[in-house]
Amino acid sequence: MSYLKPKFHHPSLKPNKVGFIKSDYEGVISTLCAGCGHDSISGAIIQACYETSIEPHKLAKLSGIGCSSKTPTYFLSNSHGFNSVHGRMPSITTGANMANKDLIYLGVSGDGDTAAIGMGQFVHAIRRNLNMVYIVMNNGCYGLTKGQDSATADFGSISKAGSSNPYPGIDLCGLALELNATFVGRSFSGDKTQLVPMIKAAMAHPGFAFLDVISPCVTFNNNKGSTRSYSHVRAHIEETSLFDFVPHQDEITVDYDEGTVTKLELFDGSSIHLSKLAPEWDPTDRFSAVNRLHAAKSKGNVLTGLYYIDVESEDLHVKINTVDKPLNKLTQEELCPGQSQLDVINDSFR
Amino acid sequence: MEKVTVVNDLVIRFSNVNGTGSASANEMFAKSIFRMGIPVTPKNIFPSNIQGLPTWYEIRVSEKGYLGRRAGIDILVGVNPQVLERDIDSVRSGGYFIYDSSKKLHDSYIRKDINYIGIPMIKLSMANYERARIQQLFKNIIYVGAVATLIDMEIDVIKEVIADQFKNKPKLIPANYQALELGINYIKENYSYPLQFQLKRIDKNDDAILIDGNTACGLGAIYAGATVMAWYPITPSTSIASSFEKYCKKLRVDPETGKNKYAFIQAEDELAAIGMVIGATWNGARAFTSTSGPGVSLMNEFIGLSYFAEIPVVLINVERGGPSTGMPTRTQQADIISSAYASHGDTKHPCLYPSTPAECFDLTVAAFDLADRLQTLVMVISDLDLGMNNHMSKPLKWDDDKKYDLGKVLSADELEELESKGEKFGRYLDVDGDAIPNRTIPGTHPSLGSYFTRGTSHDEYAKYSELGEVYLKNVDRLAQKWETAKTIMPKPEFYQEGNRGNIGMIFFGTTTYAAVEAMDKMSDKGIIIDSMRVTAFPFGKEVEDFVNYYDQLIVVEQNRDAQFRSLLILELDINPKKIKSVLNYDGIPITAHQIVVGIEKQILVNAQLN
């Protein structure tokens, strides 16, 4: 059951550059469990879209099936949404993106939806460098079906029922790096300071931007012994950097210590500012990102922050050389060659 | 025995090893007959293999213009030692077996009732060409020259076809002519010619073209304005994708920028292929996919979504022999039920059944308009015979005054007008009684018209609901939309002025070729049978009236379980006792003879019952 929220808002809330206030980016009231990490991620998406002044109709939100995939109704009610079928969000998004290259595509998925049933479509969307933000709300379990381990659950993690996971977990960031994803990062639903600018940067990235967001399941995977509980994640977080995203219109206002900040220019003039916490890691070098991830994992830590970015990313439309005008805007006159051409074709078959 | 000359009526079969370049030689042979103005039907009977297995190319020549298969091989050109015995057995009594006499034919292969013509094909080729691959290729052209001489074809026409074939590699033309002459001269020097089977120019083909259905489907999609094609390779549908891409490169590249006005995506599997199509059409582009039965099985999940969320999809299903992997390179009409009712829950989908390449073009175009108008998945159901074999067809035709029917899509202005009238956009709201709601495309308006698409139960405003009455209202509207569909589907074709007898014959798709010939044969025997060719599902009033008129109906189709008969019974509430079947499902296209025999049997059974 979905509920409509009251539209009242505090008179002092300022509209953003495109004239929308923050509540214009909200959705209906969440029906997820109280304290669910996913709701915090929805909140971060709302904040990121409001702050970057995205016109709601210039974004489409898509999802598969599962708790995570329900969230698109809880944010951006003025955007078109598509809750597709289990594990198939990437193909829907691919088609949608092919039809209109001018929208931002925000895909939301879960660890079951991506790492199990949807693995095939996930890896191929990466391979094509589809221009989209792909957020996995990763809680290590199947919530809607009462807490079975998912494919990302860590080896030895204890489930609520008390069993220890006998299988190694699939690290989706490690996989994305291996598959040459052009933007890879991990965050934590409880760390909005990091998550909000990462979502902004992911939306600005022209290509496949992957964000694996650790998002504890309060009902089925928040117990002692679980490696996805709030307490475990908080105790084991290790960040790659302090992260900030600066839209191209904005002056840089963040104060960084001289010499410690790496600035990465994105294609649209916006930039990412990183205050690196490990000197041997270079966010534009895939190998160093892989090493950084393995180093953290070997200590049992959850590495968050941006792992890797290809600042020269070319998306699928560039690869297949489509016209600048979105394909869904082409008219019959631009698409149909008419009988005269068909006469020539008929002749070639005589 | 006196041999009677038979002009322009023969079946010639080439028996080759696949991967040896025989297909292109055989196609040139068929095209030469076509250019002599004689109706011709080539059929490629090939293995699911790349190299080394038997493959046959059968050409029927019929002055009367019959384009179905005919049993009984008059001339067999056997250049595949693996299947000599079977090939020799397949020649009809009095016919000819033409073989490569580079090696002597064993005595056990000699049949007294057929004629043997040995040509040392590979010896001739080896004596004239150096490289092994070239020897292999020109061996094919040598037999083309020899056979053409034996049946008195116009050699100049063959030369013209060769010149056209190699117009981009003109260096190859003289070498091909030389090989052709080797074959011609060998016959002239060693045999008396022509045989009693002869071809004579009649110029009966008017403006016809010789084209395969898949090429026509690909072109239809281009003309219908499809901009996104997502697909996964599968025989026998792959050449639709090839055709779409090939002609897009010619017709859809912006001359100024060199950029493409299309997106052509080879998906990771059929699930993703149809997912991409759904995503693209949801977002306002025309998009389609093509596949075969196994692919449709995989697409079932998304087919249900497109039905329930009401997203237009065009899916071209080129049927092959099933079930499972079945016979990937043989033809059947065996996906009738699985297409019509694809996916779980209560679902049904409009289907179109083309029978010629021209109709592949027309019905692909129609499928896009119907899908957009009805906001649902529309399947074009072709088969391997139609899709992959060349057929003589009416030329492809486009009406330059035609406008695409994009259906009920609201613009930003229309959304504002609705708002100003105090009305609310409801994605699944029937506003005018045809059960088809309005839809909006993402990106249309900053604050109006957004909705949430879902495969879960929803109300008129696309909101999730599990309430029984909300669910009923929605699915009952979908049932009503089905009634609307019945009124706009393409009409059946009838072959008589008014109803005449008390037996009605029903067929569709590629069965038509043989059925049309069977009608003449039955008419010659004084049997009156009225015929209807169905072109679309759901069945409209015309189909219903036809089936209700006759005491006895015979459905001719190419599957084991009489699926189309079942579909008619299910949808039109026909008494099963009055509807019989003539079936062919061995993977090779049905013949008129099979239909006549089958119908005579049915009439006999019926007479005995009465």
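Remember, predicted model here, so these are calculated numbers, not experimental data. (Residues numbered from 1 in each chain as written. Chains lettered and ligands numbered in written order. Predicted model: local features only at pLDDT ≥ 70, side-chain atom pairs only at ≥ 80, totals over all residues.)

Caption draft 1: Seen up close, the overall build of chain A. Helices and strands together make up the secondary structure of chain A, namely 12 helices and 13 strands. For a compact globule of 350 residues, the expected C-alpha radius of gyration is about 20 Å, and chain A comes in at 21 Å, within 12% of that figure. In terms of overall dimensions, chain A has a C-alpha envelope of 75 × 50 × 45 Å along the principal axes. Looking at the 350 residues of chain A, the share that counts as buried comes to 54%. By sequence separation, contacts in chain A at least 24 residues apart represent 70% of the contacts at least 6 residues apart. (Helix = DSSP H or I, 4+ residues; strand = E, 2+ residues; numbered from the N terminus. Rg over C-alpha atoms; globule rule 2.2 N^0.38 Å. Buried ≥ 20, exposed ≤ 12 C-beta atoms within 10 Å, placed from the backbone. Contact = placed C-beta atoms within 7 Å.)

Caption draft 2: Summary view of the overall build of chain B. When its secondary structure is counted, chain B shows 19 helices and 23 strands. Radius of gyration (C-alpha) of chain B: 27 Å, near the 25 Å computed for a compact globule of 610 residues. Summarising its shape, the C-alpha atoms of chain B cover approximately 90 × 70 × 40 Å along the three principal directions. Burial analysis of chain B (610 residues in total) assigns 53% to the buried set. Considering only contacts in chain B between residues 6 or more positions apart, those separated by 24 or more positions represent 74%.

Caption draft 3: Spatial organisation of the interface of chain A and chain B. Contact residues are listed per partner, giving 51 residues for chain A and 57 residues for chain B. Residue assignment for the side of chain A that touches chain B shows that the elements contributing at least two residues are strand E2 (80-83), helix H3 (89-99), helix H5 (119-127), helix H11 (332-335) and helix H12 (338-347) of chain A. Sort the elements by how many residues they give to the side of chain A that touches chain B and H3(A) lands first, with 8 residues. Pairing of E2(A) with strand E17 (residues 452-454) of chain B, which is carried by 3 bridges, proceeds in the parallel orientation. Across the sheet, residue A:Asn83 finds its bridge partner in E17(B), namely B:Arg454. (Pairing = 2+ DSSP bridges.)

Caption draft 4: Seen up close, the environment of A:His124. Note that A:His124 resides in helix H5. The spacing of A:His124 and A:Tyr50 is 74 residues in sequence and 31 Å in space, taken between C-alpha atoms. Once you skip the residues sitting within four places of it in the chain, A:His124 turns out to touch B:Glu268 and B:Ala272.

Caption draft 5: Representation of the pairing of strand E3 (residues 104-110) of chain A in the model. Residue and element names in this part refer to chain A. The buried fraction of E3 is high, at 7 of 7 residues. Of the two faces of E3, both are covered, the one formed by Ile104, Leu106, Val108 and Gly110 as well as the one formed by Tyr105, Gly107 and Ser109. Bridging between strand E1 (residues 59-63) and E3 involves 5 bridges; their strand directions are parallel. Its bridge partner lying in E3, Leu62 is registered against Gly107. Of the pairings in the sheet, the one linking E3 to strand E4 (residues 132-138) comprises 5 bridges and is parallel in character. By the bridge assignment for E4, Val108 is matched with Ile135.

Caption draft 6: Representation of the nonpolar core within the structure. Grouped together as the largest cluster of nonpolar side chains are 262 residues, with contacts concentrated most on A:Val133, A:Ile199, B:Val228 and B:Val277. When residues of this core are assigned to their parent elements, the largest contribution, 11 residues, is made by helix H12 (residues 357-374) of chain B. Contact partners of A:Ile199, with chain neighbours within four places excluded, come to A:Ala44, A:Ile45, A:Ala48, A:Val133 and A:Leu211. With 5 residues, the next largest nonpolar core counts A:Cys141, A:Tyr142, A:Ala153 and A:Cys217 among its residues. (Core = buried A, V, L, I, M, F, W, Y, C linked by C-beta atoms within 7 Å.)

Caption draft 7: Looking closely at the sheet that holds strand E19 (residues 503-507) of chain B. Residues and elements named next belong to chain B. Here we have 5 strands laid out as an open sheet, ordered E18-E20-E19-E22-E23, and mixed in their pairing. A strand with exactly one partner marks an edge of an open sheet, and here the two such strands are strand E18 (493-494) and strand E23 (579-583). Against the sheet, helix H18 (residues 563-572) engages strand E22 (552-557) and E23, with an angle of about 135° to E22. (Axes fitted to C-alpha atoms, helices over the stretch in contact; angles between N-to-C directions.)

Caption draft 8: Seen up close, unusual backbone geometry. Residue B:Pro236 follows B:Thr235 across a cis peptide bond; omega there is 5°. Of note, B:Pro236 is situated in the loop between strand E10 (228-231) and helix H8 (238-251). Cis peptide bonds are those with omega within 30 degrees of zero, and the linkage from B:Gly322 to B:Pro323 qualifies with -5°. Among the secondary structure elements, B:Pro323 is positioned in the loop between strand E13 (313-319) and helix H11 (336-340). In this structure, A:Ser53 takes a positive phi of about 55° despite not being glycine. Mapped onto the elements, A:Ser53 comes out in the loop between helix H1 (37-51) and E1. Although it is not a glycine, B:Gln375 adopts a positive phi angle of roughly 50°.

Interpretation note: all reported values are geometric properties and have no functional meaning in isolation.
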